[in-house]
Amino acid sequence: MKENTFFNLEYNTQMTPSQKSRLKKKIELWNKPTNVKSIVVWGTNLTLGVSDKRILERHVYHMYGLNKYHLSVLTGLLLGDGWLRLEEKNRSVNARFGFKQSFEKFFSFWKVFLIIGHFCNSLPYLTKSISSRGTGKFFYGFCFQTRQLPCFTEIYKLWYVNGTKIVPEEIFHYLDEIALTHWIESDGSFKPDGSLVLCTDSFTIKENILLMNTILIKYDIKSSLFIRDNKYARIRIKKNSMT
């Protein structure tokens, strides 16, 4: 079997001398002895990536990974206002994740950024959009986007078909308590009668029913479907189902 010489710096021919030097310093840092014996849950000590705006070397892209907590958070956000984008026209190899919220939901937005910020190389920015109802009203908010990484490409394959976001058939296995919380925080709104409306406008009626069945079976949450503006399907959770 052919020997893998990628990390054997002496025989590696794929890297330039400067790349070898930088990687050697990193390896020495990683192997530096330490007396710390505390137990740290993997993925909980990740720092924000905004301080490093460099273009990553190819092998570093594949070192990024999502733990179960990240996957749960992303599941909830993708059911709401989160999105994945694979810019094939620009010959992008990997997808990036993006998330946008209004000013009113800043604290929820910032909490999400602190969770996903490890995969970003820039801070959130302000956005301005016009109402889709033709009123001419402008809406302001915050948005952030991650790097383009293989770990997001894998999720993109699950959530998108021909560039359109869908509800995966396996959503029952992904919609845990953490995902449900972030879905409600990012895309839910309470009504005067005490009910909760989830803005699932971008999904089909079939996909909405799949979501309704999932939360009923897993959490005994009873809901109904209603059509807004004779066009958009939304889920309404009854008040007595949340008490």
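Preceding this paragraph is the structure being described.
What you see is a predicted model; the values in this text were computed from it and never measured.

Another aspect to go through is the side chain of T146. If you trace the backbone, T146 turns up in the loop between β4 (138-145) and α5 (150-159). By relative accessible area, which is 1% here, T146 ends up buried. T146 has contacts with R96, F97, I116, F119, C120 and F152, leaving out every residue within four places of it along the chain.

Moving on: the environment of Y140. With respect to the secondary-structure elements, Y140 resides in strand β4. C-alpha separation for the pair Y140 and I130, spaced 10 residues apart in sequence, amounts to 8.9 Å. Setting aside anything within four residues of it in sequence, one finds Y140 in contact with S102, F103, T127 and K128.

Looking only at helix α7 (residues 177-187), the buried set comprises A179, L180, H182, W183, S186 and D187. You can read the cap of α7 off the contacts: a side-chain oxygen lies 3.3 Å from the backbone nitrogen of I178, and it is on D176.

The rules we used
Residues numbered from 1 in each chain as written. Predicted model: local features only at pLDDT ≥ 70, side-chain atom pairs only at ≥ 80, totals over all residues. Heavy atoms only, no water. Helix = DSSP H or I, 4+ residues; strand = E, 2+ residues; numbered from the N terminus. Buried < 20%, exposed > 50% of the residue type's maximum accessible area, 1.4 Å probe, protein only. Contact = heavy atoms within 4.5 Å. Polar contact = N/O pair within 3.5 Å; in protein donor to acceptor, adjacent residues only side chain to side chain.

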